[in-house]
Amino acid sequence: MTTEKHDTLILASSSPRRRELLQALGIPFTVMTSDVDETTAPGLSPAQVVEELSLRKAREVAARLTEGVVLGSDTIVVLDGHILGKPADEADAFRMLSMLQGREHTVYSGVALIDAASGRSEVAHSHTDVKIRPLSEAEIKSYIATKEPMDKAGSYAIQGIGATIVEGITGDYFTVVGLPLCLTSKLLARFGMPIL
Ligand SMILES: Cc1cn([C@H]2C[C@H](O)[C@@H](COP(=O)(O)OP(=O)(O)OP(=O)(O)O)O2)c(=O)[nH]c1=O
(Lines give C-alpha, C1' and ligand atoms only; values in the text may rest on other atoms or scores of the structure.)
Protein backbone atom coordinates (compact mmCIF):
# COMPACT_ATOMS: atom_id res chain seq x y z
CA MET A 1 0.00 0.00 0.00
CA THR A 2 1.30 3.42 -0.88
CA THR A 3 0.66 6.43 1.24
CA GLU A 4 0.14 9.71 -0.53
CA LYS A 5 0.87 12.99 1.11
CA HIS A 6 -1.68 15.68 0.32
CA ASP A 7 -0.78 19.26 0.93
CA THR A 8 -3.41 21.21 2.79
CA LEU A 9 -4.62 24.47 1.32
CA ILE A 10 -5.54 27.27 3.70
CA LEU A 11 -7.47 30.33 2.53
CA ALA A 12 -6.32 33.35 4.54
CA SER A 13 -9.47 35.41 4.14
CA SER A 14 -12.63 36.49 5.90
CA SER A 15 -14.33 37.19 2.57
CA PRO A 16 -17.35 34.94 1.88
CA ARG A 17 -16.86 35.70 -1.85
CA ARG A 18 -13.33 34.27 -1.85
CA ARG A 19 -14.55 31.19 -0.01
CA GLU A 20 -17.31 30.58 -2.57
CA LEU A 21 -14.98 31.19 -5.52
CA LEU A 22 -12.32 28.82 -4.20
CA GLN A 23 -15.01 26.20 -3.52
CA ALA A 24 -15.87 26.36 -7.22
CA LEU A 25 -12.44 24.87 -8.03
CA GLY A 26 -13.46 21.67 -6.24
CA ILE A 27 -10.37 21.28 -4.06
CA PRO A 28 -10.51 20.90 -0.28
CA PHE A 29 -9.33 23.81 1.84
CA THR A 30 -9.77 25.34 5.25
CA VAL A 31 -10.25 29.00 6.12
CA MET A 32 -8.20 31.02 8.59
CA THR A 33 -8.87 34.72 8.89
CA SER A 34 -6.02 37.16 8.69
CA ASP A 35 -6.13 40.50 10.39
CA VAL A 36 -3.51 42.75 8.83
CA ASP A 37 -3.01 46.47 8.56
CA GLU A 38 -4.01 47.29 4.98
CA THR A 39 -2.09 50.55 4.72
CA THR A 40 0.75 50.60 2.20
CA ALA A 41 3.64 52.92 1.54
CA PRO A 42 2.77 55.89 -0.71
CA GLY A 43 3.97 55.72 -4.29
CA LEU A 44 3.29 52.02 -4.88
CA SER A 45 1.52 51.11 -8.12
CA PRO A 46 -1.91 49.42 -7.86
CA ALA A 47 -0.29 46.13 -8.89
CA GLN A 48 2.33 46.50 -6.14
CA VAL A 49 -0.38 47.33 -3.58
CA VAL A 50 -2.50 44.21 -4.24
CA GLU A 51 0.56 41.96 -4.41
CA GLU A 52 1.97 43.34 -1.16
CA LEU A 53 -1.37 43.04 0.68
CA SER A 54 -1.99 39.53 -0.67
CA LEU A 55 1.43 38.46 0.61
CA ARG A 56 0.87 40.20 3.94
CA LYS A 57 -2.41 38.32 4.50
CA ALA A 58 -0.85 34.97 3.52
CA ARG A 59 2.26 35.58 5.65
CA GLU A 60 0.25 36.43 8.75
CA VAL A 61 -1.56 33.08 8.59
CA ALA A 62 1.50 31.07 7.45
CA ALA A 63 3.39 32.32 10.53
CA ARG A 64 0.88 30.42 12.71
CA LEU A 65 1.38 27.11 10.82
CA THR A 66 4.12 24.53 10.41
CA GLU A 67 2.78 23.10 7.14
CA GLY A 68 0.24 23.72 4.38
CA VAL A 69 -0.02 26.17 1.52
CA VAL A 70 -1.60 29.49 2.44
CA LEU A 71 -3.50 31.63 -0.08
CA GLY A 72 -3.92 35.38 0.49
CA SER A 73 -5.68 37.80 -1.83
CA ASP A 74 -6.54 41.49 -2.09
CA THR A 75 -8.77 43.56 -4.35
CA ILE A 76 -8.80 47.30 -5.03
CA VAL A 77 -10.61 49.62 -7.43
CA VAL A 78 -8.53 52.25 -9.24
CA LEU A 79 -9.93 55.39 -10.85
CA ASP A 80 -7.65 58.10 -12.29
CA GLY A 81 -4.75 56.65 -10.31
CA HIS A 82 -6.70 56.87 -7.02
CA ILE A 83 -7.21 53.69 -5.03
CA LEU A 84 -10.72 53.01 -3.74
CA GLY A 85 -10.85 50.35 -1.05
CA LYS A 86 -13.85 49.34 1.07
CA PRO A 87 -16.04 52.31 2.13
CA ALA A 88 -15.65 53.59 5.69
CA ASP A 89 -19.36 54.46 5.90
CA GLU A 90 -22.38 55.29 3.72
CA ALA A 91 -21.11 58.80 2.93
CA ASP A 92 -17.85 57.24 1.71
CA ALA A 93 -19.79 54.75 -0.44
CA PHE A 94 -21.79 57.67 -1.91
CA ARG A 95 -18.53 59.50 -2.69
CA MET A 96 -17.05 56.46 -4.43
CA LEU A 97 -20.14 55.61 -6.49
CA SER A 98 -20.48 59.28 -7.54
CA MET A 99 -16.91 59.11 -8.84
CA LEU A 100 -17.35 55.76 -10.59
CA GLN A 101 -20.71 56.39 -12.31
CA GLY A 102 -20.58 57.01 -16.06
CA ARG A 103 -16.92 56.01 -16.23
CA GLU A 104 -14.53 53.13 -16.70
CA HIS A 105 -12.22 52.07 -13.86
CA THR A 106 -9.83 49.18 -13.26
CA VAL A 107 -10.11 46.47 -10.62
CA TYR A 108 -6.86 44.86 -9.44
CA SER A 109 -6.72 41.57 -7.54
CA GLY A 110 -3.59 39.96 -6.16
CA VAL A 111 -3.03 36.32 -5.23
CA ALA A 112 -0.19 35.08 -3.00
CA LEU A 113 0.70 31.51 -2.06
CA ILE A 114 3.12 30.62 0.73
CA ASP A 115 4.31 27.15 1.68
CA ALA A 116 4.33 27.38 5.48
CA ALA A 117 6.96 24.64 5.88
CA SER A 118 9.58 26.01 3.50
CA GLY A 119 8.57 29.69 3.44
CA ARG A 120 8.55 29.61 -0.37
CA SER A 121 6.17 32.20 -1.77
CA GLU A 122 4.81 33.34 -5.12
CA VAL A 123 2.62 36.32 -5.86
CA ALA A 124 0.88 37.65 -8.97
CA HIS A 125 -2.00 39.91 -9.91
CA SER A 126 -4.55 40.51 -12.64
CA HIS A 127 -6.69 43.49 -13.60
CA THR A 128 -10.02 44.03 -15.31
CA ASP A 129 -11.62 47.20 -16.71
CA VAL A 130 -15.21 47.86 -15.59
CA LYS A 131 -17.64 50.41 -17.04
CA ILE A 132 -20.31 51.71 -14.64
CA ARG A 133 -23.40 53.26 -16.26
CA PRO A 134 -24.43 56.83 -15.42
CA LEU A 135 -26.32 56.91 -12.10
CA SER A 136 -28.57 59.56 -10.57
CA GLU A 137 -28.08 60.59 -6.92
CA ALA A 138 -31.35 58.82 -6.12
CA GLU A 139 -30.10 55.58 -7.71
CA ILE A 140 -26.83 55.74 -5.77
CA LYS A 141 -28.71 56.31 -2.49
CA SER A 142 -31.10 53.50 -3.31
CA TYR A 143 -28.17 51.14 -3.99
CA ILE A 144 -26.44 52.12 -0.74
CA ALA A 145 -29.71 51.47 1.13
CA THR A 146 -29.41 47.79 0.11
CA LYS A 147 -26.17 47.69 2.23
CA GLU A 148 -24.53 45.62 -0.52
CA PRO A 149 -21.78 48.21 -1.18
CA MET A 150 -20.59 48.41 2.41
CA ASP A 151 -17.91 45.67 2.47
CA LYS A 152 -16.85 45.81 -1.18
CA ALA A 153 -13.88 47.59 -2.74
CA GLY A 154 -15.19 50.57 -4.74
CA SER A 155 -18.60 50.19 -3.02
CA TYR A 156 -20.24 47.82 -5.50
CA ALA A 157 -20.62 44.09 -6.07
CA ILE A 158 -20.68 42.95 -9.70
CA GLN A 159 -22.01 39.58 -8.53
CA GLY A 160 -25.04 41.12 -6.81
CA ILE A 161 -27.45 44.04 -7.34
CA GLY A 162 -24.36 45.87 -8.59
CA ALA A 163 -24.66 43.81 -11.78
CA THR A 164 -27.40 46.25 -12.78
CA ILE A 165 -24.98 49.19 -12.82
CA VAL A 166 -22.16 47.45 -14.73
CA GLU A 167 -22.38 48.13 -18.46
CA GLY A 168 -19.50 45.85 -19.37
CA ILE A 169 -16.08 44.54 -18.46
CA THR A 170 -12.84 43.88 -20.31
CA GLY A 171 -10.88 41.09 -18.67
CA ASP A 172 -11.48 38.37 -16.12
CA TYR A 173 -14.81 38.51 -14.22
CA PHE A 174 -13.44 36.71 -11.15
CA THR A 175 -10.75 39.37 -10.73
CA VAL A 176 -13.60 41.82 -10.03
CA VAL A 177 -15.41 39.54 -7.56
CA GLY A 178 -12.19 39.14 -5.58
CA LEU A 179 -10.26 36.00 -6.59
CA PRO A 180 -8.86 35.53 -10.13
CA LEU A 181 -9.50 31.82 -10.57
CA CYS A 182 -7.40 31.22 -13.70
CA LEU A 183 -4.39 32.93 -12.11
CA THR A 184 -5.02 31.11 -8.82
CA SER A 185 -5.06 27.73 -10.58
CA LYS A 186 -1.75 28.52 -12.30
CA LEU A 187 -0.13 29.36 -8.96
CA LEU A 188 -1.63 26.29 -7.27
CA ALA A 189 -0.13 24.08 -10.00
CA ARG A 190 3.29 25.52 -9.20
CA PHE A 191 2.81 24.40 -5.60
CA GLY A 192 1.94 20.86 -6.63
CA MET A 193 -1.84 21.36 -6.51
CA PRO A 194 -3.05 21.27 -10.12
CA ILE A 195 -6.80 21.70 -10.57
CA LEU A 196 -6.95 19.84 -13.90
C1 LIG B 1 -15.35 45.33 -6.95
C2 LIG B 1 -15.87 44.21 -6.08
C3 LIG B 1 -15.28 43.89 -4.86
N4 LIG B 1 -15.77 42.87 -4.09
C5 LIG B 1 -15.18 42.53 -2.78
C6 LIG B 1 -14.14 41.41 -2.83
C7 LIG B 1 -13.42 41.59 -1.51
O8 LIG B 1 -14.10 40.80 -0.52
C9 LIG B 1 -13.61 43.08 -1.18
C10 LIG B 1 -12.29 43.82 -1.21
O11 LIG B 1 -11.71 43.80 0.06
P12 LIG B 1 -10.39 43.00 0.43
O13 LIG B 1 -9.64 43.83 1.42
O14 LIG B 1 -9.66 42.58 -0.82
O15 LIG B 1 -10.92 41.67 1.12
P16 LIG B 1 -11.81 41.44 2.42
O17 LIG B 1 -11.48 42.44 3.48
O18 LIG B 1 -13.27 41.35 2.00
O19 LIG B 1 -11.38 39.98 2.86
P20 LIG B 1 -9.91 39.45 3.35
O21 LIG B 1 -8.97 40.62 3.42
O22 LIG B 1 -10.13 38.83 4.69
O23 LIG B 1 -9.51 38.43 2.31
O24 LIG B 1 -14.49 43.60 -2.19
C25 LIG B 1 -16.88 42.14 -4.50
O26 LIG B 1 -17.34 41.22 -3.80
N27 LIG B 1 -17.46 42.43 -5.72
C28 LIG B 1 -17.02 43.43 -6.53
O29 LIG B 1 -17.61 43.65 -7.62
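Residues numbered from 1 in each chain as written. Predicted model: local features only at pLDDT ≥ 70, side-chain atom pairs only at ≥ 80, totals over all residues. Heavy atoms only, no water.

Undergrad: Requested: an account of the nonpolar core, with residues and values cited.
TA: Leu-9, Leu-22, Leu-71, Ile-132 and Tyr-156 are the most contacted members of the largest nonpolar core, which has 41 residues in total. Excluding residues within four positions of it along the chain, Leu-22 makes contact with Leu-9, Leu-11, Phe-29, Leu-71, Leu-179 and Thr-184. If you look at the next biggest cluster of nonpolar residues, it comprises 10 residues, including Leu-55, Val-61, Val-70 and Ala-116. (Core = buried A, V, L, I, M, F, W, Y, C linked by side-chain atoms within 4.5 Å. Buried < 20%, exposed > 50% of the residue type's maximum accessible area, 1.4 Å probe, protein only. Contact = heavy atoms within 4.5 Å.)

Undergrad: Account for the layout of surface pockets, with residues named and values stated.
TA: Counted as a void, the largest pocket has a volume near 700 Å³. Elements with a minimum of two residues in the lining of the largest pocket: helix H1 (16-23), helix H2 (46-62), strand E3 (69-79) and helix H5 (173-177). For the lining of the largest pocket, the element with the highest residue contribution is E3, accounting for five residues. Taken together, the residues that form the lining of the largest pocket break down as 17 nonpolar, 12 polar and nine charged. (1 Å grid on protein atoms, 1.4 Å probe; cavity = no way out; pocket = protein on both sides within 12 Å on 5 of 7 lines; lining within 4 Å. Points joined across faces, edges and corners; volume = space filled by probe spheres on them. Helix = DSSP H or I, 4+ residues; strand = E, 2+ residues; numbered from the N terminus. Nonpolar A, V, L, I, M, F, W, Y, C, P; charged D, E, K, R; others polar.)

Undergrad: So what's going on with the pattern of salt bridges? Which residues, and what values?
TA: Tallied over the entire structure, the rule returns 14 salt bridges. In this structure, Lys-57 and Glu-38 form a salt bridge, with 3.6 Å as the shortest nitrogen-oxygen distance. Residue Lys-57 is located in helix H2, and its partner Glu-38 is located in the loop between strand E2 (30-31) and H2; the two are separated by 19 residues in the primary sequence. Classification of Lys-57 as buried rests on a relative accessible area of 8%. Glu-38 gets classed as partly exposed once you look at its relative accessible area, which sits at 36%. Lys-152 serves as the salt-bridge partner of Asp-151, at 2.6 Å between the closest nitrogen and oxygen. By relative accessible area, Asp-151 is classed as partly exposed at 38%. Via salt bridges that share partners, Arg-17, Asp-151 and Lys-152 belong to a single interconnected network. (Salt bridge = Lys/Arg side-chain N within 4 Å of Asp/Glu carboxyl O.)

Undergrad: How would you sum up the site of the ligand? Please name residues and give values.
TA: If you check the shell around the ligand, you find 19 residues, and the closest are Ser-13, Ser-14, Arg-18, Lys-57 and Lys-86. One of the side-chain N or O atoms of Gln-159 is found 2.8 Å from an oxygen atom in the ligand. With respect to the ligand, the backbone of Val-177 contributes an N or O atom lying 3.4 Å from an oxygen atom. Compared with its free state, where it exposes 600 Å², the ligand has 96% of that area covered by protein. Secondary-structure elements contributing two or more residues to the shell around the ligand are H1, E3 and H5. Across the shell around the ligand, the residue classes break down as six nonpolar, five polar and eight charged. (Near = heavy atom within 4 Å. Polar contact = N/O pair within 3.5 Å; in protein donor to acceptor, adjacent residues only side chain to side chain. Areas by Shrake-Rupley, 256 points an atom, 1.4 Å probe, with all protein chains shown as cover.)

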